Number of protein chains: 2
Amino acid sequence: MAQYYSRRNINFLLYEVFKATELTKYPYFNAHDRETFDMTLDAVTQIGDNIMFPYLKELDRNQPELRNGKVAVHPKVGEYIRAMGEAGLIGAGFDFENGGQQLPETVNSLLGFIVMAANNGMMYTGLTSGAARLIASFGSEDLKQLYVEKMLAGQWQGTMALTEPQAGSSLSDITTTAFPQEDGTYRIKGQKVFISAGDHDQCPNIIHLMLARIEGAPKGTKGISLFVVPKYREDGSENDVTSTGIYHKLGQRGVPAMHLTMGDRDDCHGWLVGEPHKGLSYMFQMMNEARIGVGMTGAAIASAAYGASLQYAKERPQSRRLNEKSALDTPQIPIIEHPDVKRMLLLQKAIVEGSLSLLIETARCFDIAHASDDPEEKEKYHLMLELLTPVAKTYPTEMGLVAVSNGLQVLGGYGFTEDFPLEQLYRDIRITPIYEGTTGIQSQDLLGRKMTMKGGKPAQILFGEVSKTISEAEALDEMNKYAQILKAELARLQEVTMSLMPHAMQGDIERFLMDATLYMELFGIITVAWQWLKQGVVAKQAILNQNPEGEELAFYEAKIHTMKFFFHYEVPKTLGLAKRLKENEILTITTQKELAL
Amino acid sequence: MAQYYSRRNINFLLYEVFKATELTKYPYFNAHDRETFDMTLDAVTQIGDNIMFPYLKELDRNQPELRNGKVAVHPKVGEYIRAMGEAGLIGAGFDFENGGQQLPETVNSLLGFIVMAANNGMMYTGLTSGAARLIASFGSEDLKQLYVEKMLAGQWQGTMALTEPQAGSSLSDITTTAFPQEDGTYRIKGQKVFISAGDHDQCPNIIHLMLARIEGAPKGTKGISLFVVPKYREDGSENDVTSTGIYHKLGQRGVPAMHLTMGDRDDCHGWLVGEPHKGLSYMFQMMNEARIGVGMTGAAIASAAYGASLQYAKERPQSRRLNEKSALDTPQIPIIEHPDVKRMLLLQKAIVEGSLSLLIETARCFDIAHASDDPEEKEKYHLMLELLTPVAKTYPTEMGLVAVSNGLQVLGGYGFTEDFPLEQLYRDIRITPIYEGTTGIQSQDLLGRKMTMKGGKPAQILFGEVSKTISEAEALDEMNKYAQILKAELARLQEVTMSLMPHAMQGDIERFLMDATLYMELFGIITVAWQWLKQGVVAKQAILNQNPEGEELAFYEAKIHTMKFFFHYEVPKTLGLAKRLKENEILTITTQKELAL
């Protein structure tokens, strides 16, 4: 099965492009080798094939409801969570001492890709993993003892409880309050919204990792602390967390998004994680992985859509080739042979595989930054990670939308019906440019924080890496042309960046960031062009050196073909973006004039 | 009410930009004046406000089901159809002799805009109107007598029954067959799919205008005839049309899309419309209006989404201005003041109002081509109509998708929930680039047929009109800059077109049209830039000559502001499109290499 993703492509990226086995030279990863990576990927694919993919539609059609304070979800959800827990896949990336396998994020994030491609409505275990990692990283021994093992085993559900009704993207405005008690615990009072998996009946306990202000704490982000707030306390008594609402949503309907109220009876117990007022900084330390995870979700849903539309395009006969229109006696051809349909398929492939490559690149930075003992190497990859993360969150989700929409279009009227999965995937993916920081927020992070960080060092490092790929490509006949294009694009990006920096220097942040989203789009295209050149080089070398035949040859040739597609169809978009970004007309900063909007 | 569209904008376009009252100089329209136009717009708005807009969500949530061969739809649908019929709005554009009001399409198409903006799930009357117009234009007196009046009165439903399971976009492959009978009628046998309003319980009869081949007819498009196939025959007996299936859809759930089977009992009677084998040419004569109608639907749904997201953005407080981030003691600001949100709102406004302008321009061509007695003028506007129609179908639907998606994004997580209409509108609009000819089909029509028609005469005429607007703009200080941009864009379009034509000359249609969809995108942006310059010129002249104040001044200033936004944010996209279109790499025409796709 597994038509929702291409294992051949994963192997290509993991072992041929990114040489993931080289990570095992670091002591932290030295229990691993290609065999353990493959086994892990096999295990999660089996879960995907058996428990997830077949229930894609069923989960969507049975959206959970809140009834009598309880939320029933599809029983396959419980089966899935336990299967993941029993296979050790929820905490595969955790340290041995916390019950994990010290699996590199390079591979671990691909587990997320596979499960989300199989059935993105089952986004339960990623949340548990994120929540457990906060406890494992910053919690006391007591908290770790109590929670981490059960969560990683898939017995208890974890959540990330950040958003409040009056504070969506603006976490500095959260008001949920923690009142200190004499026994060292806290009583929590407040409201949280959009809490994914915030309540359901497939796990006996739900563990919320919740941001709140300790009474009297300073305003803003510096007064926010992190708490463990379980649904049931250690002694089995029910904590004062009420499910006050459930959101009905456009997509990802398999997972309930809850409105929770804490402290209605003044009896919501919370346990501080780490030190007071450091909650947001703890969260931020988890943010890179979480954002890579959402990027993976975007790429995964687009992958499932690509698989479904590709299959349809190969099987659906319709019309004749444009040069043979009048040959009415000939049979209709499969629509994949129409250039416009081929274009829509290549676009999807270019987005899915380009996104996945960028995400693996980013996860690899995470691994080396984490595992390296060499301070210079550590810093280099840490800064690359910081820079690439907002892009790896945004490109796969924003362009994933475009990919899925093109997948739907391939099916024409059938794509609009519930007879095919495209309409669902089109709905499902729409949340990904919103949660875990909207595209607007990511774009401000990229241009406003990451590009100005340490005098621009992260960008210098990145551009150095891109230049390495360009050099490799220059040495290969078919690739040199694309190396030159990427070189010019890199110069374009630098020029645009230089034109914006004076606004930052002058402290006019609003002007500096007014078109940050366009800057993100430009940056994303060029970064993914780099990823495609990388893939093209490896594919070309494989053809030259390994003399592949049949399907293997076709695989590499399709890689090079898709690389060319990306350069000819997607890269030219940078011209218009760069033009706008270098202009000086201010049209979006508030003035009286546009009140009539 | 009517927050789903701006009447001020309609008045601006209709009376200030397109001077619709000048149409009344043609004898065909001389019963009209501004008062009759306004009364008609008022009447439809009242229906929109009272019977449609309040039920947007309700229709969506109660998707019709096929039960025991019957389809029950929301009772408001019947109320709406009858209200439209009683107000004379279904056939407002028909000749007096057919019971119409000879309302110009310029105004008539706006009725469609308003009802689709109010509740696009009620797309019933447009279908009836199209079906009745086929009978009125090509049917015998008997058929006219029997059907037209009842249909225009909103008593009977009409449908367009074209698509078949094995022949989606390829009408030449339809196989539904009509067997001639001695009494001059036919017996129909076959299947039709995706028939909107193909069966429902709110009208006592459903009249299908159906394409079929008379037994023994030639293959291809030249053997297709048009039939009236009613659900109930004149004598009240049930015709042999069976509802064999209903599609569950992503959006537009208020209207059932039916799978119909004709002739299960060999007793499906059909009446030929006009002459044999001319069915497709009759259909094509209705196609321009139908496509303008779908373009209007795209613009309308985008208009409703813009209204909803604008309201939210004005009311939702979140965070502080970027230059005052640390001012935590100040209240949060409405999100409309954030540049990125303002950008998303301006983008929506630019798309909605630019699309609407293009659509009115196109409808006006229809009117003059129809009403003029001057053969030269008639031809000029007919050719403009032919050229603009595929663009007016495509730009508002494809860019409408982008607009609605941006509207949803403005609301963040709330946009993804069913608490706001954005998620529904996001689903609803997705069909518009598919039905009535997909974007791929429209693009082939634009480049392959319309640009090569009569040695390029339609394009010459269009470019002449654009140049007129440029000249007007050059005379106005603030506008001259944008006149020069449009002049350069026009040259760019001509250059791209010239670079493609040799492939057509050489008969390599596949190569000629391989990137037709990108050509359409380029053409659309430049055509809408023309529309925005037109609007800008009129707004500027109004400010200079009429000395407006308050809201009126703000309206005109917002027009000029949005025009600038379009030129600075949307027009630069032509750079990348033109670059690709002038390249020679062939990547989407089928070769062996990409088998691995």
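Here is a short report on the structure shown in this document.

Scoring rules and cut-offs
Within any chain, residue numbers begin from 1 and follow the written order of that chain's sequence. Lettering for chains starts from A, numbering for ligands starts from 1, and both go in the order in which the items are written. Per-residue local features of the predicted model are confined to residues with pLDDT of at least 70, and side-chain atom pairs are confined, for both listing and counting, to 80 or more; whole-chain, interface and lining totals are unaffected and use all residues. No hydrogens and no water enter the side-chain calculation; it runs on all heavy atoms of the structure. By definition, any uninterrupted DSSP run of H or I lasting at least four residues is a helix, any uninterrupted run of E lasting at least two residues is a strand, and each is numbered from the N terminus. Exposure classes here rest on a 1.4 Å probe applied to the protein chains alone. A residue is buried below 20% of its type maximum, exposed above 50%, and partly exposed in between. We call two residues in contact whenever any of their non-hydrogen atoms come within 4.5 Å of each other. Here a polar contact is taken to be a pair of N or O atoms separated by no more than 3.5 Å, where protein atoms must pair a possible hydrogen donor with a possible acceptor and residues adjacent in sequence count only if both atoms sit in side chains. Under the convention used throughout, the expected extent of a helix is 1.5 Å for every residue step, that is, one less than its residue count. Throughout, the accessible surface (probe 1.4 Å) given up by two parts as they are put together, summed over both, is called the buried area. By convention in these notes, a salt bridge is any Lys or Arg side-chain nitrogen within 4 Å of a carboxyl oxygen on Asp or Glu. All amino acids are sorted into three groups, where Ala, Val, Leu, Ile, Met, Phe, Trp, Tyr, Cys and Pro are nonpolar, Asp, Glu, Lys and Arg are charged, and the leftover types, Gly among them, are polar. Here an angle of 0 to 180 degrees is reported between the N-to-C directions of two axes, which are lines fitted to C-alpha atoms, with helices fitted over the stretch in contact. Oblique is the label for any angle not under 35 degrees, not over 145, and not in the 65 to 115 range, which are roughly parallel, roughly antiparallel and roughly perpendicular in turn. Left-handed describes a crossing in which the near helix is turned anticlockwise from the far one by less than a right angle; the clockwise case is right-handed. The copies were overlaid with a least-squares fit restricted to C-alpha atoms from residues scoring a pLDDT of at least 70 in each copy. Whether two aromatic rings pair depends on their centres lying within 6.5 Å, for rings of Phe, Tyr and Trp, where Trp uses its six-membered ring; planes under 30 degrees apart make the pair stacked, over 60 edge-to-face, and the rest tilted. Either the NZ atom of lysine or the CZ atom of arginine qualifies as a charge over a ring when it sits within 6 Å of the ring centre and within 35 degrees of the ring normal. Nonpolar cores are built from buried Ala, Val, Leu, Ile, Met, Phe, Trp, Tyr and Cys residues. Side-chain atoms within 4.5 Å join them into one set.

A closer look at the overall build of chain A
From N to C terminus, chain A includes 18 helices and 10 strands. Expressed along its principal axes, the backbone C-alpha trace of chain A runs to roughly 80 × 60 × 60 Å. Here chain A holds 597 residues, and 66% of them are scored as buried. In chain A, 75% of the contacts between residues at least 6 apart in sequence involve partners at least 24 apart.

Let's talk about the side chain of Asp173(A)
Its place among the elements puts Asp173(A) in the loop between strand S3 (157–161) and strand S4 (177–180). Within the structure, the side chain of Asp173(A) is placed 2.8 Å from the side chain of Arg320(B), a separation counted as a polar contact. Once you skip the residues sitting within four places of it in the chain, Asp173(A) turns out to touch Gln166(A), Ala167(A), Arg213(A), Ser319(B), Arg320(B) and Gln332(B).

Overview of helix H7 (residues 141–152) of chain B
Residue and element names in this part refer to chain B. Taking 1.5 Å as the rise per residue, H7 with 12 residues should run 16 Å; its terminal C-alpha atoms sit 16 Å apart, in good agreement. Those residues of H7 hidden inside the fold are in contact with helix H4 (75–86), helix H6 (125–138), strand S3 (157–161), strand S6 (206–214), strand S7 (224–230) and strand S10 (269–272). Of the residues flanking the end of H7, it is Gly154, one or two places downstream, whose phi is positive at about 80°.

Details of the side chain of Asp173(B)
Here Asp173(B) falls in the buried class, since its relative accessible area comes to 12%. Beyond its immediate sequence surroundings of up to four residues, Asp173(B) is in contact with Ser319(A), Arg320(A), Gln332(A), Gln166(B), Ala167(B) and Arg213(B).

Looking at the interface of chain B and chain A
Think of interface size as the accessible area that goes away when the parts come together; that is how it is often given. The interface is formed by 102 residues belonging to chain B together with 102 residues belonging to chain A. Between chain B and chain A, a total of about 9,000 Å² is buried, with carbon and sulfur atoms accounting for 57% of that surface. Linking chain B to chain A there are eight salt bridges. With its nearest N and O atoms 3.3 Å apart, the salt bridge here joins Arg253(B) to Glu418(A). Here chain B is connected to chain A by 40 residue pairs in polar contact (both at pLDDT 80 or more). For the side of chain B that touches chain A, the per-class residue count stands at 39 nonpolar, 30 polar and 33 charged.

Remarks on the packing of helix H14 (residues 477–505) of chain A against helix H18 (residues 573–582) of chain A
All names here are of chain A. Put simply, H14 and H18 touch, their axes get as near as 9 Å, and they point 15° apart. Between H14 and H18, the crossing angle belongs to the class labelled roughly parallel. Judged by the sense of rotation from one axis to the other, the crossing of H14 with H18 is left-handed. Listed contacts from H18 to Glu489, Arg492, Glu495, Val496, Ser499 and Leu500 of H14 are Thr574, Leu575, Ala578, Leu581 and Lys582. Of the residues in the contact of H14 with H18, the class split is five nonpolar, two polar and four charged.

Comments concerning the relation of the copies chain B and chain A
When chain B is fitted onto chain A, the two copies agree to an RMSD of 0.0 Å after a turn of 180° and an axial shift of 0.0 Å. Here the symmetry operator amounts to a two-fold rotation axis. Comparing interface residues between copies, 100% of those in chain B also sit at the interface in chain A, which points to an isologous, same-surface contact.

Let's talk about the pattern of salt bridges
Applying the stated rule across the entire model yields 89 salt bridges over all chains. Lys468(A) is the partner of Glu465(A) in a salt bridge, and the nearest nitrogen-oxygen pair spans 2.9 Å. Taken as a pair, Glu465(A) and Lys468(A) lie in helix H13 (residues 457–474) at a separation of three residues, close to a single helical turn. Taken together, the salt bridges that share partners define one network made up of Asp60(A), Arg61(A), Glu418(A), Glu423(A), Arg427(A) and Arg253(B).

Quick notes on the packing of aromatic side chains
Enumeration over the complete set of coordinates arrives at 35 aromatic pairs over all chains. Ring centres of Tyr414(B) and Phe420(B) lie 6.1 Å apart, and the angle between their planes is 75°; on these two criteria the pair is classed as edge-to-face. An aromatic cluster is built from Phe194(A), Tyr247(A), Tyr312(B), Tyr414(B) and Phe420(B), whose rings are joined through pairwise contacts. Of note, Lys150(A) hangs over the ring of Trp156(A), and the distance from its end group to the ring centre comes to 5.0 Å. Cation over ring: Arg34(B) sits above Tyr15(B), and NZ or CZ is 3.7 Å from the ring centre.

Structural notes on the nonpolar core
In this structure, Phe113(A), Tyr519(A), Phe113(B) and Tyr519(B) are the most contacted members of the largest nonpolar core, which totals 425 residues. Discounting chain neighbours no more than four positions away, the residues touching Phe113(A) are Tyr5(A), Ile10(A), Met296(A), Ala299(A), Ala300(A), Ser303(A) and Leu356(A).

Considerations on the environment of Pro548(A)
Residue and element names in this part refer to chain A. When you line up the elements, Pro548 lands in the loop between helix H16 (516–546) and helix H17 (550–570). Of the residues examined, Pro548 reaches a relative accessible area of 11% and is grouped as buried. Those residues in contact with Pro548, other than ones at most four positions away along the chain, are Ala542, Ile543, Leu553 and Tyr556.

A closer look at helix H1 (residues 7–17) of chain B
Note that an α-helix has 3.6 residues per turn; residues three or four places apart therefore point the same way. All names here are of chain B. Judged by how many residues are buried, H1 sits mostly within the fold: nine of 11 residues are covered. Of the residues making up H1, those classed as buried are Asn9, Ile10, Asn11, Phe12, Leu13, Leu14, Tyr15, Glu16 and Val17. Looking at the buried residues of H1, the elements they touch are helix H2 (34–52), helix H5 (105–119), helix H9 (339–371), helix H16 (516–546) and helix H17 (550–570). Immediately beyond the C-terminal end of H1, within one or two residues, lies Lys19, with a positive phi of roughly 45°.

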